[in-house]
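As a plain string of letters, each chain reads:
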Amino acid sequence: MSRFLVTGANGQIGSELVAALRERHGARQVVGLDLKPPPASNGQPREGPFEEADVRDRAALAEVISAYDVGTVYHLASLLSATGEQQPDRTWEVNMGGLKNVLDLARGEGLRVFWPSSIAVFGPSTPKENTPQQTVLDPTTIYGVTKRSGELLCRYYHRRFGVDVRSLRYPGLISYKTAPGGGTTDYAVEMLRRAAEGEDYTCFLDRGARLPMMYMPDAIGATLDLMGAEGEGLTVREGYNVGAFSFTPEELAESIRGHVPGFRCSYAPDERQQIAEAWPSSVDDGAARRDWGWAPAYDLAAMTEDMLEHLREEEWESGSVGA
Ligand code: NAD
Ligand code: AKB
């Protein structure tokens, strides 16, 4: 069986996707790739193969794909929305250069590709509530520009060269295993972590900034389900809208107080508030539900409970609570 390659393997999603794929297919079948070796603590089985490479380096990617007989690439390596605004040139080079390299190699080698898009493709003129699959796309960040451009490139490579490339517009993802890497939605993970540590939190978004969010087990499930679906049934090759639940920072703080009664959150919005204001509050994911059976398992209450339970376990294991 040909192998799976996950780029950006050390990241918030990559670390959990590598573990899930290794669980399904065996550790040797899944190759992680990132700029640096994975930290010991990120949950990836240590025995699986890992390659240090930059996705901007097409020759290095080609060598890894050939050496491991890779048949499917999960191409996650990217800079995110907040980091992207600090480094727009690098964001274009990594996000677009990396994707173009992967798609060109896929075209030559007949590889299957998963590439994540984002709610960052939407902008101020997009309908905010229940945002349709097909709508105005006017991103305001360089990250959003690379996601929309990437969507069009994926659709083009599928139509023109027959590349089997599939994509999801992930909302903000919430997880406890690996810290998020420089996004606007990262506040949610930060808030939950501080609450689990018994501390207050100052939020960098305003109390009313409502954004679509999803718990990581649903995101991993959606990714694997989309890649397991029959290709004929897929009507969207740019990036399926996938929704789970939406909340404001104030609503998340309230949900946390159901488990941590004294928890206090204050608000000091910074430049990330502007990014959040351009994104939708909720998305219409009817196409994903119809085409490949998308249905999330977690809502805000279930996510909050599960996150706090795991984060508190971590605290006890590290000895920082009750020490
Ligand atoms: P992350 O920042 O946690 O991880 C990205 C990984 O890519 C990092 O480990 C980083 O070292 C690696 N990387 C960066 N530049 C690289 C390069 N030149 N070569 C090789 N590796 C490189 O990001 P994430 O949250 O895991 O996101 C993964 C993908 O999912 C990205 O495409 C992101 O846009 C998308 N996405 C994420 C979210 C979310 O909430 N996490 C939401 C929407 C879309
Ligand atoms: C970010 O905030 O940049 C990401 C995303 C929604 O793409 N979490």
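Right, let's walk through the structure included here.

What counts as what
- Residues numbered from 1 in each chain as written.
- Chains lettered and ligands numbered in written order.
- Predicted model: local features only at pLDDT ≥ 70, side-chain atom pairs only at ≥ 80, totals over all residues.
- Heavy atoms only, no water.
- Phe/Tyr/Trp six-rings, centres within 6.5 Å; stacked < 30°, edge-to-face > 60°.
- Buried < 20%, exposed > 50% of the residue type's maximum accessible area, 1.4 Å probe, protein only.
- Helix = DSSP H or I, 4+ residues; strand = E, 2+ residues; numbered from the N terminus.
- Lys NZ or Arg CZ within 6 Å of the ring centre and 35° of its normal.
- Near = heavy atom within 4 Å.
- Polar contact = N/O pair within 3.5 Å; in protein donor to acceptor, adjacent residues only side chain to side chain.
- Areas by Shrake-Rupley, 256 points an atom, 1.4 Å probe, with all protein chains shown as cover.
- Nonpolar A, V, L, I, M, F, W, Y, C, P; charged D, E, K, R; others polar.
- Salt bridge = Lys/Arg side-chain N within 4 Å of Asp/Glu carboxyl O.

1. Quick word on the packing of aromatic side chains
Okay, step 1: In this structure the tally under the stated criterion is ten aromatic pairs.
Okay, step 2: Centre to centre, the rings of Y156 and Y157 are 6.0 Å apart; their planes meet at 70°, and the pair counts as edge-to-face.
Okay, step 3: Judged by its relative accessible area of 41%, Y156 falls in the partly exposed class.
Okay, step 4: Judged by centre distance (5.1 Å) and plane angle (65°), the rings of Y157 and F161 are edge-to-face. One end of the pair, Y157, and the other, F161, are both in helix α5 (residues 142-161), four residues apart, so they sit about a helical turn from each other.
Okay, step 5: Note on F161: relative accessible area 26%, which makes it partly exposed.
Okay, step 6: Put simply, the rings of Y74, F114 and Y170 pair up and form one aromatic cluster.
Okay, step 7: In this structure, R272 packs its charged tip against the face of F204, placed 3.5 Å from the ring centre.

2. Things to note about the site of ligand 1
Okay, step 1: Around ligand 1 there are 25 residues in total, and Q12, I13, D34, D54 and Y143 lie nearest to it.
Okay, step 2: Within the side chain of D54, an N or O atom sits 2.9 Å from a nitrogen atom of ligand 1.
Okay, step 3: Y143 is positioned such that a nitrogen or oxygen atom in its side chain is 2.6 Å from an oxygen atom of ligand 1.
Okay, step 4: Protein chains bury 91% of the 830 Å² of accessible surface belonging to ligand 1 in isolation.
Okay, step 5: Contributions of two or more residues to the shell around ligand 1 are made by α1 (12-25), β6 (117-118), α5 and β9 (172-174).
Okay, step 6: Of the residues contributing to the shell around ligand 1, the split by class is 13 nonpolar, nine polar and three charged.

3. A few points about the pattern of salt bridges
Okay, step 1: A full pass over the atoms with the stated rule returns 20 salt bridges.
Okay, step 2: The salt bridge involving R148 is made with E151; its shortest N-O contact spans 2.6 Å. With R148 and E151 both in helix α5, this residue pair falls three residues apart, about one helical turn. You'll find R148 and E151 in the same group, each marked buried.
Okay, step 3: A cluster of three or more residues bridged by salt bridges with shared partners is formed by R148, E151, R155, R169 and E238.

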